[in-house]
Amino acid sequence: MTTAYLSHPLFLAHDPGPFHPESKARLYAIEDRLNSAHLYHLLHHLTPVSATREQLLRVHDGAYIDSLIAAAPEEGTLHMDPDTVMSPATLNAAFHMQPVQWSWRLPMPC
């Protein structure tokens, strides 16, 4: 079985603050652990592209998308709820995480 690993430089720009578990340090720690376990090279590395509004509308209500766009901070952070924090880069990073219309195929093991 092949495991896909999605990463994009935008993911490192999402910064919910120093005490939130979603941090670039966490992403670096995951990659470091995969490397030290000699697993990183076994993954199928993918760089996602931004989802279009049409693609987002397949899974989210338009009003919800519009509310996120309107709420996105230009600086600092915005706490959407106790666990969800937006920074200026969050929206762009989130749009790159949408698993829609993937056109890749992983090789099947023999």
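Fair warning: this is a prediction, and the values are worked out from it, not measured in the lab.

Caption draft 1: Just the overall build of the protein, in detail. Tallying secondary structure elements over the protein gives five helices and four strands in all. Each helix (α) and strand (β) of the protein, taken in turn from the N terminus, gives the series β-α-α-β-α-α-β-β-α. Within the protein, the proportion of its 110 residues that are buried is 26%. Carbon and sulfur atoms make up 60% of the accessible area of the protein, which amounts to about 7900 Å² in all.

Caption draft 2: Quick look at the packing of aromatic side chains. Scanning the model with the defined rule gives one aromatic pair in all. The interplanar angle of 70° and the centroid separation of 5.8 Å between the aromatic rings of Tyr5 and Tyr40 together place this pair among those described as edge-to-face. Residue Tyr5 is found in strand β1 (residues 4–6), and its partner Tyr40 is found in the loop between α2 (24–36) and β2 (44–46); the two are separated by 35 residues along the sequence.

Caption draft 3: Seen up close, the side chain of Thr90. On the secondary structure map, Thr90 appears in helix α5 (residues 90–95). Within polar-contact distance, the side chain of Thr90 engages the backbone nitrogen of Ser87 at 2.7 Å. Contact partners of Thr90, with chain neighbours within four places excluded, come to His14 and Val85.

Caption draft 4: Representation of the nonpolar core. Counting residues in hydrophobic clusters, the biggest one holds seven residues: Ala51, Leu56, Ile65, Leu68, Met86, Leu91 and Phe95. Mapped by element, the contributors of at least two residues to this core are α4 (62–71) and α5.

Caption draft 5: Examining α2 more closely. With 13 residues, α2 extends 18 Å from end C-alpha to end C-alpha; this agrees with the ideal 18 Å at 1.5 Å per step. Following α2 by one or two positions, His38 adopts a phi angle in the positive range, close to 60°.

Caption draft 6: Local environment of the pattern of salt bridges. Within the structure shown, the criterion is met by two salt bridges. In this structure, Arg58 and Glu54 form a salt bridge, with 3.7 Å as the shortest nitrogen-oxygen distance. Note on Glu54: relative accessible area 58%, which makes it exposed.

Reading guide: rules and limits
Residues numbered from 1 in each chain as written. Predicted model: local features only at pLDDT ≥ 70, side-chain atom pairs only at ≥ 80, totals over all residues. Heavy atoms only, no water. Helix = DSSP H or I, 4+ residues; strand = E, 2+ residues; numbered from the N terminus. Buried < 20%, exposed > 50% of the residue type's maximum accessible area, 1.4 Å probe, protein only. Areas by Shrake-Rupley, 256 points an atom, 1.4 Å probe, with all protein chains shown as cover. Phe/Tyr/Trp six-rings, centres within 6.5 Å; stacked < 30°, edge-to-face > 60°. Polar contact = N/O pair within 3.5 Å; in protein donor to acceptor, adjacent residues only side chain to side chain. Contact = heavy atoms within 4.5 Å. Core = buried A, V, L, I, M, F, W, Y, C linked by side-chain atoms within 4.5 Å. Expected span 1.5 Å × (residues − 1). Salt bridge = Lys/Arg side-chain N within 4 Å of Asp/Glu carboxyl O.

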